[in-house]
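# Secondary and tertiary structure notes
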Amino acid sequence: MSDPNPYADDSYKWGPTAQQPDQGAPYQGFPQQQGAGFPQQQGMPPGAGMPGLPPGAGMPVLVLGDIAVMNDQIVTPSGAMPLKGSAWTATDLTRTEEKIPTVAIVLAIVFALFCLVGLLFLLMKEKQTTGFVQVTVVSDGRHHSTMIPALGPETFPMVMAQVNTARTMSI
């Protein structure tokens, strides 16, 4: 056992060939950053805005679901509406449930057989928020409504902050 691997010869046979990158060139594994730290999307000329918005519309100030608020207009899938004089409403359709997780029930059963300390596992609680936040905008005799899924109990206050920003801009 003097030789660590008697079957190995000096040629590399498995996997891709190891090529050392040029020391002066940047690493080629990641795309180069362009602009303000973000890569340019393929197929879009610089300054084209977001996909789905009219060309030349610029970047939205804020986005609520499929409603994009620009400096002077509101862009929805059903068309553009003026921002001035628009009315915004947000409805909280979420609910938070509190239940005992399955792990706590299993641990309570296992440890209840050994001692009564296992019943303390039943004190574990798990909160789960489900539902949607509905945002509606009315402007120029038209309206549009969107549903934003609730990811947690902080979703409604976050959406309300954005709606209040849109209300301030519409004055």
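Now for a quick tour of the structure. Please read all numbers here as calculations on a predicted model, not as lab measurements.

What counts, and at which threshold
- Residues numbered from 1 in each chain as written.
- Predicted model: local features only at pLDDT ≥ 70, side-chain atom pairs only at ≥ 80, totals over all residues.
- Heavy atoms only, no water.
- Helix = DSSP H or I, 4+ residues; strand = E, 2+ residues; numbered from the N terminus.
- Buried < 20%, exposed > 50% of the residue type's maximum accessible area, 1.4 Å probe, protein only.
- Contact = heavy atoms within 4.5 Å.
- Areas by Shrake-Rupley, 256 points an atom, 1.4 Å probe, with all protein chains shown as cover.
- Expected span 1.5 Å × (residues − 1).
- Arc of directions from axis to C-beta.
- Pairing = 2+ DSSP bridges.
- Axes fitted to C-alpha atoms, helices over the stretch in contact; angles between N-to-C directions.

Our next topic: the overall build of the protein chain. Secondary structure assignment for the protein chain yields 2 helices and 7 strands. Written out in order from the N terminus, the α and β elements of the protein chain read β-β-β-β-β-α-β-β-α. Per-residue burial for the protein chain yields a buried fraction of 22% across its 171 residues. The long-range share in the protein chain, meaning contacts at least 24 apart out of those at least 6 apart in sequence, stands at 54%. When the accessible surface of the protein chain is split by element, carbon and sulfur atoms take 61% of a total near 12800 Å².

All right, on to helix H2 (residues 155-169) then. Helix length check: H2 (15 residues) gives 21 Å between terminal C-alpha atoms against 21 Å at 1.5 Å per residue, within 8%. Among all positions in H2, only Thr-155, Val-159, Met-160, Val-163 and Ala-166 are buried. On an axial view of H2, the arc spanned by its buried residues comes to 120°, and they lie on one face. Buried residues belonging to H2 abut strand E1 (62-64), strand E5 (87-99), strand E6 (126-139) and strand E7 (142-149).

Across the sheet, which stays open at both edges, the 4 strands sit in the order E1-E2-E3-E4 with antiparallel pairing between neighbours. Each edge of the open sheet carries a strand with a single partner, namely E1 and strand E4 (79-82). On average, each strand axis in the sheet is inclined to that of its neighbour by 20°, with strand direction left out of account. Judged from the 2 bridges that link them, strand E2 (residues 67-69) and strand E3 (residues 73-76) form a sheet pairing that is antiparallel. Across the sheet, residue Val-69 finds its bridge partner in E3, namely Ile-74. Set on the sheet, H2 makes contact with E1 and E2; between it and E1 the angle comes to about 125°.

Strand pairing within a sheet occurs via backbone hydrogen bonds; the two strands may be parallel or antiparallel. Taken in spatial order, the 3 strands of this open sheet run E5-E6-E7, and their pairing is antiparallel. Unpaired on one side and paired on the other, E5 and E7 mark the two borders of the sheet. Going across the sheet, the axis of each strand differs from the next one's by a mean of 10°, ignoring polarity. Bridge count for E5 against E6 is 13 bridges, and the pairing is antiparallel. When the sheet's bridge partners are listed, Trp-88 is paired in E6 with Val-137. Contacts from H2 reach E5, E6 and E7, with the element oriented near 175° to E5.

Another point: the environment of Val-163. Turning to its location among the elements, Val-163 is positioned in helix H2. If near-sequence neighbours (up to four positions away) are discounted, Val-163 is found in contact with Leu-64, Trp-88, Ala-90 and Val-135.

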